[in-house]
Amino acid sequence: MFSYRHAFHAGSHADILKHLTLIHLVDYLQEKPGALTIVDTHAGAGIYSLKDGFAAVSKEAEGGIFRLLAYAKSNTLPESIQKYLECIQTENSSDAIDTYPGSPFILARLLRPQDRLKLFELHPKEIDILRHNIGELKQSKQIDIYAEDSFSRLKGLLPPPSRRGLVLIDPSYEDKQDYRHLETAIEEALQRFATGCYAIWYPILSRRESAALPDRMKKIAATHQRSWLHAELRVENAPGERRLQTSGMLIINPPWTLEKHLADALPTLTRVLGIGNGAQFLLKAFEA
Ligand code: SAM
């Protein structure tokens, strides 16, 4: 426990899929003027340097955001990807990207005055960095930070007062129990707030629990008669490769616009970020 630091993975292909999806969810939910409450159950440090520290060691951004930016210099991107890149660019003063915003910064920048953001982080070092980073933002008064276990605390925040809510669940899965805790948290959340939008990120790892996760989530959604959307991005086909090759998003109560948004983005992401013939994407949606 607590060996995971998101800085190692900042700007990776998995971050791109997750954050591109997240930005669209917020965009859609903000089409109505009512206040939106966003919960980020696993926040991390908030924002990361790509030129030094852990990210410079892992170089995961080279196969992610840097590769996408290099492609964008001489190619036209689908609007869905363009919007994501604009959000990343906002944190950087020049064309060169040396800072990558994590979900807390991406979400904070998108807040309207009526919206609220709730961030959970358990890591003793990450929570201090997160508090410092968020304190620098003009939106900080709209943001609450909890140094608590989000799996057990999520239900206490639901339903939000305005009954308009988005929950990003992005665990590190370093503890095998995360899979069980995730299921319980989603069950409890849907019981209290069935119409909320829940976006769950997951990696495809060699663990049995990892491969079973999307179907487990779909089953819970079906029990509550909820719609879902399932997207995966696989970038490599190298069995010996230690880096993460495939990640996915499972969204419960997705907006009707999300499938088209991802159908526009995923072929380009697969082509640009993929290595070899194994690169592929999956996109499936089910309407309850
Ligand atoms: N959402 C972030 C982003 O997209 O930029 C990345 C988050 S990272 C994948 C997961 C984080 O969750 C880690 O910083 C870890 O310390 C934290 N964490 C792990 N278990 C937790 C729990 N039960 N409650 C809250 N935070 C937790």
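Residues numbered from 1 in each chain as written. Predicted model: local features only at pLDDT ≥ 70, side-chain atom pairs only at ≥ 80, totals over all residues. Heavy atoms only, no water.

**Student:** Can you help me understand the packing of aromatic side chains in this one?
**Tutor:** Ring pairs (aromatic) are described by centroid distance and by the angle formed between their planes. Scanning the model with the defined rule gives five aromatic pairs in all. With a centroid separation of 4.5 Å and an interplanar angle of 20°, the aromatic rings of Phe 8 and Phe 54 are classed as stacked. You can see Phe 8 sitting in the segment before helix 1 (13-29) and its partner Phe 54 sitting in helix 2 (residues 54-58), a full 46 residues away along the chain. The partly exposed category is assigned to Phe 8, whose relative accessible area is 27%. Ring geometry for Trp 228 against Phe 286: centres 5.7 Å apart, planes inclined by 25°, an arrangement best described as stacked. In this pair, Trp 228 is assigned in strand 8 (residues 228-234) and Phe 286 in strand 10 (residues 280-286), connecting sequence segments 58 residues apart. On the basis of relative accessible area, Phe 286 is assigned to the partly exposed category, the value being 39%. The residue whose ring lies beneath Lys 18 is Trp 201, and the NZ or CZ to ring-centre distance is 5.4 Å. Above the plane of the ring of Trp 228 lies Lys 218, whose end atom (NZ or CZ) is 4.5 Å from the centre. (Phe/Tyr/Trp six-rings, centres within 6.5 Å; stacked < 30°, edge-to-face > 60°. Helix = DSSP H or I, 4+ residues; strand = E, 2+ residues; numbered from the N terminus. Buried < 20%, exposed > 50% of the residue type's maximum accessible area, 1.4 Å probe, protein only. Lys NZ or Arg CZ within 6 Å of the ring centre and 35° of its normal.)

**Student:** When you look at the side chain of Asn 253 in this model, what are you seeing that I'm missing?
**Tutor:** Take Asn 253: it is sitting in the loop between strand 9 (246-252) and helix 10 (258-273). Polar side-chain contacts of Asn 253 include one of 3.4 Å to the side chain of Arg 226. Residues in contact with Asn 253, not counting those within four places in the same chain, are Ala 194, Thr 195, Gly 196, Cys 197, Arg 226 and Ser 227. (Polar contact = N/O pair within 3.5 Å; in protein donor to acceptor, adjacent residues only side chain to side chain. Contact = heavy atoms within 4.5 Å.)

**Student:** Can you help me understand helix 10 in this one?
**Tutor:** Quick reminder: α-helices carry 3.6 residues per turn. Residues three or four places apart thus point the same way. Given a rise of 1.5 Å per residue, 16 residues ought to cover 22 Å, and the 21 Å separating the end C-alpha atoms of helix 10 matches this to within 8%. Bending of helix 10 peaks at approximately 30° at the position of Ala 265, with proline Pro 267 no more than four residues after it. For helix 10, the full list of buried residues reads Leu 258, His 261, Leu 262, Ala 265, Leu 266, Thr 268, Leu 269, Thr 270, Val 272 and Leu 273. Of the surrounding secondary structure, the elements contacted by the buried residues of helix 10 are helix 1, helix 3 (65-74), helix 4 (79-90), strand 8, strand 9 and strand 10. (Expected span 1.5 Å × (residues − 1). Bend = angle between axes of the 7 residues up to and from the residue.)

**Student:** Could you clarify how one ought to interpret the site of the ligand in this entry?
**Tutor:** With respect to spatial proximity, 21 residues lie near the ligand, and among them His 42, Ser 103, Glu 121, Asp 149 and Asp 170 are the closest. When the ligand is considered free in solution it has 600 Å² of accessible area, and contact with the protein chains removes 98% of it. Only helix 1 and helix 7 (150-153) provide two or more residues apiece to the shell around the ligand. (Near = heavy atom within 4 Å. Areas by Shrake-Rupley, 256 points an atom, 1.4 Å probe, with all protein chains shown as cover.)

**Student:** So what exactly am I meant to see when it comes to the pattern of salt bridges here?
**Tutor:** Oppositely charged side chains may form a pair once their charged atoms are brought near each other. All chains considered together, the criterion is met by 14 salt bridges. Residues Arg 216 and Glu 183 are paired through a salt bridge, measuring 2.9 Å at the closest nitrogen-oxygen approach. Taken as a pair, Arg 216 in helix 9 (residues 208-223) and Glu 183 in helix 8 (residues 177-192) lie far apart in primary sequence, 33 residues in all. Among the residues examined, Glu 183 registers a relative accessible area of 22% and is labelled partly exposed. Where Lys 260 meets Asp 264, a salt bridge forms, and the shortest distance between an N and an O atom there is 2.9 Å. One end of the pair, Lys 260, and the other, Asp 264, are both in helix 10, four residues apart, so they sit about a helical turn from each other. On the basis of relative accessibility, which here comes to 56%, the residue Lys 260 falls in the exposed class. By relative accessible area, which is 35% here, Asp 264 ends up partly exposed. (Salt bridge = Lys/Arg side-chain N within 4 Å of Asp/Glu carboxyl O.)

**Student:** Sorry if this is basic, but what is going on with the packing of helix 1 against helix 4 here?
**Tutor:** Closest axis-to-axis distance for the helix 1/helix 4 pair is 9 Å, and the angle between their directions is 95°. Judged on the interaxial angle alone, helix 4 and helix 1 are roughly perpendicular. Contacts between helix 1 and helix 4 involve Ile 16, His 19, Leu 20, Ile 23 and Asp 27 from the former and Ser 80, Ile 81, Lys 83, Tyr 84 and Cys 87 from the latter. Looking at the contact of helix 1 with helix 4, its residues break down into six nonpolar, two polar and two charged. (Axes fitted to C-alpha atoms, helices over the stretch in contact; angles between N-to-C directions. Parallel < 35°, antiparallel > 145°, perpendicular 65-115°, else oblique. Nonpolar A, V, L, I, M, F, W, Y, C, P; charged D, E, K, R; others polar.)

**Student:** Could you clarify how one ought to interpret the nonpolar core in this entry?
**Tutor:** Taken as a class, soluble globular proteins show a tendency for nonpolar side chains to be buried jointly. Ranked by size, the top nonpolar core spans 90 residues in total, and within it Ile 65, Leu 68, Tyr 84, Leu 182, Ile 186 and Tyr 198 carry the most contacts. In terms of residue count, the dominant contributor to this core is helix 1 (nine residues). Those residues in contact with Leu 182, other than ones at most four positions away along the chain, are Phe 151, Ile 169, Tyr 173, Ile 200, Leu 213 and Met 217. (Core = buried A, V, L, I, M, F, W, Y, C linked by side-chain atoms within 4.5 Å.)

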